[in-house]
Amino acid sequence: MPKRMFLAILFLLGLTVACARRENSASVLANLSIMPGTVGTNDVRVQLSHVDNTPVVGAQVKVIGNMNHAGMEPSIASLTETAPGVYEGVIELTMPGEWFAIVEVTLESGETVELELPLPEVKRGE
Amino acid sequence: MNKAVAFDLLKTPLLGRFWRWRHARTVMQVPLFLVALVIVWDGLTGSPLAPRNLATILPWLHYRGFVVLALLVFGNAFCMACPFMLPRNLVRRFVQPTRHWPARLRNKWVAVTLFVLFLFIYERYDLWSTPWWTAWLVVAYFAAALLLDAVFDGAPFCKYVCPLGQFNFVSSLVSPFEVRVRSHTVCADCTTHDCLRGRGTQRGCELWLFQPRKVGNFDCTFCLDCVHACPHDNVGILARVPAAELWFGGARSGIGRIFRRADIAALVTIFVFGALLNAFGMVSPVYVLEAWLADVLNVQNETPVLALMFVVVLLLEPLFLLGAAAWLARRLGNLAEPTVRVALRYVYALVPFGVGMWAAHYAFHFLTGFWTFVPVVQSIALEFGLTWVGRPRWDLAALLPPVWLDPLEWGLIGLGAFGSLLVVAELARRDAPRRWLWVALPWMGLVLLLTLVAFWLMGQPMEMRGTLLG
Ligand code: SF4
Ligand code: SF4
Ligand SMILES: [Cu+2]
């Protein structure tokens, strides 16, 4: 029994490294810009297009800013469409450092897409 | 220490019954071992972004938070359920090491070095933001525990090597419970000493703590082997006055006199000043200081800058502060002992403050980031096609409203500082019954100074960058 348990543990350890993870390929392309990129209130602008380069219109877009360190309070912004495929809003960045954004898109069809985008390093405010 | 019949956790109906069962520790270890596997798996194969990976969330938020909170209300709960000891115990069923841990290494110096190294690597490579390195750290931990304990008998890894264990041993000095004999008269009539030697297949204390002469929590992993080994059912988990063992200068089984042990004093020093340094690593001023130091040293690389900071904060500053306080106390109180001896005793008074500082810091991360594992688990489930879990809730994070955190942190630091002041007073009363206040004064000043530093740190804006320079 112990021998078998030992083998089982070895097997589990092996599995741990062997399991490949699925990469999801996005059906929507996003371009994100943030101004001024300092601590405090920032304007965030996301441009969405389909793979065939046509703008994504009528979607619901949410941006969640998160730090590259576990457990910090995320910042959330709901964007509104200001031009076809262009979504804008404001986001509050709470501290300087490395951030990234998760963009949650709900297409008109009801399909949801999640994108992960890097943000430029957030600087201290004035 | 306290003679009255103490409250005994092993006599409680549910928990006590469970812990009295021989396989209780294994049952606690298995889930943590599985979590460790998940951490390694996600860390090596999942997202490289810290908040999207369980390898960074679970160890750096949940494990650390849980460990300090459990130490505050109970005792050394992590060692009790330590997953690293599970494969090690399994291997021990086939391999019975006969070699003894080298006599020269039977002290805390290796562990102190590893503790400093760990703090350094944590800062230098920003472990908190790298799932991949965190996963490898866990693997290395398993390997080291397995290897050392397969070669040497007893539990040398826990006692002489493991930095996490040392953290727990020091913190548990202020814990409200300890594994202790219920009646010394029963021990006096005992001839077999199974709590140390073991009985049949039941191990005795692998950390070489002999129950009748064991004092306090230092070096105790709460593994409960002694509880199961004692044929007279004379060992319990008893309530006690937290921190009272810090002014006990007598001999302790398996340790000796802590007031004569420079290695343990060094460990305690690193523990206390490391608490401040670790918190300093995540506030804005650290980046200003590092940039300035890099400029002065004329280097681009972070390693020498950080190394300098470590030398100053963990070596020069404590040497100066402890030396000055000890020297003053000796002068003011007309103590006969050399200054070093005074420092070796009073440094233990700083432990409650250190615990308070670590607790405030880790409780902060634990409470602000508690729910962040939910969206990560959701997205892993989605990867495996379990769509019913729904869209990952990336907005989840804090367990408590942020306004509660400041008072909590200040409270924990204040409580620790208060504990330290009490220990200073107790030590001083034993040193100079008439002039105790004079002896205590410099040490109380030191405690207050460190507390002010801690409050200042907590008030600084946080900043989170991978590289401190640039
Ligand atoms: S000392 Fe380290 S290895 Fe030993 S039980 Fe504690 S955490 Fe585990
Ligand atoms: S005294 Fe030894 S055997 Fe008993 S719980 Fe502590 S470490 Fe384990
Ligand atoms: Cu921190």
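You'll find the structure just up there.
Residues numbered from 1 in each chain as written. Chains lettered and ligands numbered in written order. Predicted model: local features only at pLDDT ≥ 70, side-chain atom pairs only at ≥ 80, totals over all residues. Heavy atoms only, no water.

A. Focus on the overall build of chain A. Assigned secondary structure in chain A consists of 1 helix and 7 strands. Each helix and strand of chain A, ordered N terminal to C terminal, gives the series α-β-β-β-β-β-β-β. By residue count, 42% of the 126 residues in chain A fall in the buried class. Across chain A, every contact between residues at least 6 apart in sequence was considered, and the portion connecting residues at least 24 apart equals 57%. As displayed, chain A has an accessible area near 6,800 Å², and 56% of this comes from carbon and sulfur atoms. (Helix = DSSP H or I, 4+ residues; strand = E, 2+ residues; numbered from the N terminus. Buried < 20%, exposed > 50% of the residue type's maximum accessible area, 1.4 Å probe, protein only. Contact = heavy atoms within 4.5 Å. Areas by Shrake-Rupley, 256 points an atom, 1.4 Å probe, with all protein chains shown as cover.)

B. Quick peek at the overall build of chain B. When helices and strands are tallied, chain B shows 20 helices and 2 strands. Along the three orthogonal principal directions, the C-alpha set of chain B runs to about 65 × 55 × 45 Å. For chain B, with 470 residues in total, the buried portion stands at 59%. Here chain B displays about 19,700 Å² of accessible surface, and carbon together with sulfur accounts for 69% of that area. If the 40 positive side-chain charges of chain B are averaged to one point and the 27 negative ones to another, these points end up 10 Å apart. (Lys, Arg positive; Asp, Glu negative; His and termini not counted. Charge placed at Lys NZ, Arg CZ, Asp CG, Glu CD.)

C. Expanded view of the site of ligand 2. Taken together, 13 residues sit near ligand 2, with Cys205(B), Cys220(B), Cys223(B), Leu224(B) and Cys226(B) positioned nearest. Classifying every residue of the shell around ligand 2 gives 9 nonpolar, 2 polar and 2 charged. (Near = heavy atom within 4 Å. Nonpolar A, V, L, I, M, F, W, Y, C, P; charged D, E, K, R; others polar.)

D. Layout of the pairing of strand S1 (residues 28-35) of chain A. Residues and elements named next belong to chain A. When S1 meets strand S2 (residues 40-50), the two strands line up antiparallel, connected through 8 bridges. When the sheet's bridge partners are listed, Met35 is paired in S2 with Asp43. Between S1 and the antiparallel strand that follows it, S2, lie 4 residues; Gly37 among them carries a positive phi value of about 75°. (Pairing = 2+ DSSP bridges.)

E. Layout of the coordination of the copper ion (ligand 3). All names here are of chain B. Taken together, Met282 (SD), His361 (NE2) and His365 (NE2) make up the full set of protein donors to the copper ion (ligand 3), lying 1.7 to 2.1 Å away. For the copper ion (ligand 3), all donor residues lie on one chain, and their spacing in sequence is M-x78-H-x3-H. Here the residue Met282 occupies a position in the loop between helix H13 (262-280) and helix H14 (284-297), and His365 occupies one in helix H17 (residues 351-369), the gap between them amounting to 83 residues. Neither Met282 nor His365 differs from the other in exposure class; each is buried. (Donors = N, O, S within 2.8 Å, 3.2 Å for Na, K, Ca; no water.)

F. Geometry of the nonpolar core. All names here are of chain B. Counting residues in each nonpolar core, the largest one holds 191 residues, and the members touching the most others are Trp19, Ile237 and Trp443. Ranked by residues supplied to this core, first place goes to H13 with 13 residues. Lining this core are residues from two domains, each supplying at least three of them: domain 1 (9-256) and domain 2 (270-459). If we skip the residues at most four places from it in the chain, Trp443 touches Leu322, Ala325, Ala326, Ala329, Val342, Ala343, Tyr346 and Val424. (Core = buried A, V, L, I, M, F, W, Y, C linked by side-chain atoms within 4.5 Å. Domains from an automatic or database assignment.)

G. Summary view of the interface of chain B and chain A. Listed by partner, the interface residues are 47 residues for chain B and 38 residues for chain A. Buried area between chain B and chain A, both sides added, is near 3,800 Å², and the carbon and sulfur share of it is 62%. For chain B, the biggest contributors to the area lost against chain A are Arg391(B), Trp394(B) and Met464(B); these three give 18% of the whole. On the surface where chain B and chain A come into contact, there are 4 salt bridges. With its nearest N and O atoms 2.4 Å apart, the salt bridge here joins Glu116(A) to Arg52(B). Summed over the shared surface of chain B and chain A, the result is 10 residue pairs in polar contact (both at pLDDT 80 or more). Secondary structure elements with two or more residues in the side of chain B that touches chain A: helix H2 (24-45), helix H3 (54-73), helix H5 (85-91), H14, H17 and helix H18 (373-383) of chain B. (Buried area = accessible area lost by both parts, 1.4 Å probe. Salt bridge = Lys/Arg side-chain N within 4 Å of Asp/Glu carboxyl O. Polar contact = N/O pair within 3.5 Å; in protein donor to acceptor, adjacent residues only side chain to side chain.)

H. Local environment of the side chain of Glu178(B). Residues and elements named next belong to chain B. Note that Glu178 resides in strand S1 (residues 177-181). Among the polar contacts listed, one links the side chain of Glu178 to the side chain of Arg240, at a separation of 2.8 Å. Among residues more than four places away in sequence, those in contact with Glu178 are Gly216, Asn217, Phe222, Gly236, Ile237, Leu238 and Arg240.

I. Main features of the site of ligand 1. As a matter of local geometry, ligand 1 sits amid Arg25(B), Phe78(B), Cys79(B), Cys82(B), Met85(B), Phe157(B), Cys158(B), Cys162(B) and Gly165(B). Sorting the residues of the shell around ligand 1 by element identifies helix H4 (77-80) and helix H8 (156-161) of chain B as the ones contributing at least two each.

J. Structural context of the state of the cysteines. All names here are of chain B. Applying the stated criterion across every chain, the model contains 0 disulfides over all chains. Cys230 takes part in no disulfide bond, and the closest cysteine sulfur to it belongs to Cys195, at a distance of 6.6 Å. The class for Cys230 is buried, based on a relative accessible area of 12%. (Disulfide = S-S within 2.5 Å.)

K. Looking closely at the sheet that holds S1(A). Residue and element names in this part refer to chain A. Strand order in this open sheet of 7 strands is S1-S2-S5-S4-S3-S6-S7, and the pairing throughout is antiparallel. Single-partner strands in this sheet number two, and they are S1 and strand S7 (112-118). The sheet shows a mean angle of 25° between the axes of neighbouring strands, taken without regard to direction. Taken together, the 7 bridges between strand S6 (residues 99-106) and S7 define a ladder with antiparallel strand orientation. (Axes fitted to C-alpha atoms, helices over the stretch in contact; angles between N-to-C directions.)

L. Structural view of the environment of Asn42(A). Residues and elements named next belong to chain A. Note that Asn42 resides in strand S2. Between the C-alpha atom of Asn42 and that of Leu93, which follows or precedes it by 51 residues, the distance is 7.2 Å. With sequence-adjacent residues up to four places away left out, Asn42 is seen in contact with Ile34, Met35, Pro36, Gly37, Gly89, Val90, Ile91 and Leu93. A distance of 2.6 Å separates a polar atom in the side chain of Asn42 from the backbone nitrogen of Gly37. Engagement of the side chain of Asn42 in a polar contact is seen with the backbone oxygen of Gly40, the distance being 2.9 Å.

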